[in-house]
Amino acid sequence: MNDKTHLVDHITGHRRMRRNRKADWTRRLVRENLLTVDDFIWPVFIVPGTNIIEPIPSMPGVNRMSVDRAVEAIKEAADLGIPAITTFPNIELDMRDETGSQVLEANNLINQATAAIKKAVPNIGIITDVALDPFTSHGHDGILRGDEIINDETVDQVVKAAIMQADAGSDIISPSEMMDGRIGAIRRGLDASGHQNVGIMSYATKFSSGYYGPYRDAICTSGLLKGDKNSYYISPANGTEALRDAALDVEEGADMLMVKPGLPYLDICWRLKEAFGLPTFAYQVSGEYTQIKAAALNGWIDGERVMMETLLCFKRAGCDGILTYFAIEAAKKLAKG
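Remember, it's a predicted structure, so these values are computed and weren't measured experimentally. Along every chain, residues carry numbers that run from 1 in the direction the sequence is written. The predicted nature of this model means local features are confined to residues of pLDDT at least 70 and side-chain atom pairs, given and counted, to a pLDDT of 80 or more, with totals for whole chains, interfaces and linings taken over all residues. To get the side-chain values, take all heavy atoms of the structure and skip hydrogens and water.

The subject of this paragraph is unusual backbone geometry. A cis amide bond links Lys 260 to the next residue, Pro 261, at an omega of -5 degrees. The numbering of helices and of strands both runs from the N terminus, where a helix is a DSSP run of H or I of at least 4 residues and a strand a run of E of at least 2. Turning to its location among the elements, Pro 261 is positioned in the loop between strand 10 (256-260) and helix 9 (266-276). The phi torsion at Asn 51 lies on the positive side, around 55 degrees, for a residue other than glycine. Of note, Asn 51 is situated in the loop between strand 1 (40-47) and strand 2 (53-55).

Let us look at the nonpolar core. One finds Trp 42, Phe 45, Ile 74, Ile 117, Ile 186 and Leu 311 to be the most contacted residues of the largest nonpolar core, which totals 100 residues. Residues contacting Ile 74, with those up to four places away along its chain left out, are Trp 42, Val 44, Ile 85, Ile 117, Val 121 and Ile 124. In this description, a nonpolar core means a group of buried Ala, Val, Leu, Ile, Met, Phe, Trp, Tyr and Cys residues linked to one another through side-chain atoms lying within 4.5 Å. Classification of residues uses two cut-offs on accessible area relative to the type maximum, computed with a 1.4 Å probe and protein chains only: under 20% is buried, over 50% is exposed, and between them is partly exposed. Should any heavy atoms of two residues lie within 4.5 Å, those residues are considered in contact.

This part takes up a nonpolar patch on the surface. Patch members must show over 30% relative accessible area and no salt bridge, and they are joined within 9 Å when carrying like charges or within 5 Å when they are nonpolar side chains of Val, Leu, Ile, Met, Phe, Trp or Tyr. Per-residue and other accessible areas follow the Shrake-Rupley method at a 1.4 Å probe size, with only the shown protein chains counted as cover for residues. The term salt bridge refers to a pairing of a side-chain nitrogen on Lys or Arg with a carboxyl oxygen on Asp or Glu at a separation within 4 Å. Taken together, the side chains of Trp 25, Leu 29 and Val 30 present a nonpolar region at the surface, about 350 Å² in accessible area. Examined against the element boundaries, Val 30 turns out to sit in the loop between helix 2 (24-29) and strand 1. On the basis of relative accessibility, which here comes to 42%, the residue Val 30 falls in the partly exposed class.

Moving on, we get to the UniProt feature "active site" (unreviewed entry) in the protein. UniProt positions are given in the numbering used here, feature names are shortened, and annotations may be inferred rather than shown by experiment. The UniProt feature table records "active site" (unreviewed entry) at Lys 206 and Lys 260. Maximum C-alpha separation among the annotated residues is 4.8 Å over a sequence range of 55 residues, consistent with a single clustered spot. Considering the arrangement of structural elements, one finds Lys 206 in strand 9 (residues 199-206). The exposure class of Lys 206 is buried, given its relative accessible area of 3%. Setting aside its immediate chain neighbours within four residues, Lys 206 contacts Asp 141, Ser 176, Met 178, Tyr 212, Tyr 233, Ile 234 and Lys 260. Under the rule applied, a polar contact is a pair of N or O atoms within 3.5 Å (in protein, one hydrogen donor and one hydrogen acceptor; residues adjacent in sequence only if both atoms are side-chain atoms). From its side chain, Lys 206 meets the backbone oxygen of Ser 176 in a polar contact 3.2 Å long. Counting through the fold element by element, Lys 260 comes out in strand 10.

Listed below in structure tokens is the structure:
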């Protein structure tokens, strides 16, 4: 027999990685991670009024919508198979105050939206945030006294707001304000109010990031923010601290964990999933979305390909799902096959 062994066979010990990559069917056969529509949570921005669709200039393709138009859009999301949405209100500036008191109005904009969505689209999950930043005149996530965000008073208010959101029909409360003890306090408040079946998706590791800018445009807090959020968000330098933060949320009763932002913190996604084994999610935030959109609009990248690649990266990093403004676009892409 004519020996056709090549030098490469000797170098690799007859192990060639490309054997499993040689054809489409082999690549599909050995694929380690798969992205499906079941992985998506769609963030939706709500504004007062009726029949309103407002494009957000810093987030191409994303709109603020009045409740009635949001319901229509969410019906489309449900028809595409998207399992859940999360809502963020953009209330009138004259209704915002130092303590974010509007969050405690039972019929505020976010609760109106929840009730309407639950009635019109009962087969989609509704996730709501209880942070105060959409309701405060200073743009912070908690109650501001002088130069300090007051932890315990903010937690008291967040618990009341969470109960009201559950009363309105929220399926999962997702507190993002990063106050100490808020997960345990919300769990006790929900249970005492008979909402044992309402889950908590903790913003377990929310970093003090530069990626949030377009989101703050969307809810009109960018011009309001006094100072920064470094005293309650996690420093981008600190991975171990992020794990400790998440561990406390797990002990306090979080049902799911979230990492925010997403792509710059894939290591944190992996570490949380490995450490706790809870359902773990990443929030592909507005700055991540806008970077891809802007580069694609300029013809610098293949936007659709990069969109799908980044979403798949979250799965590879251990995430069970992704909060993403690409949800509708990516769901349509997946539906085409």
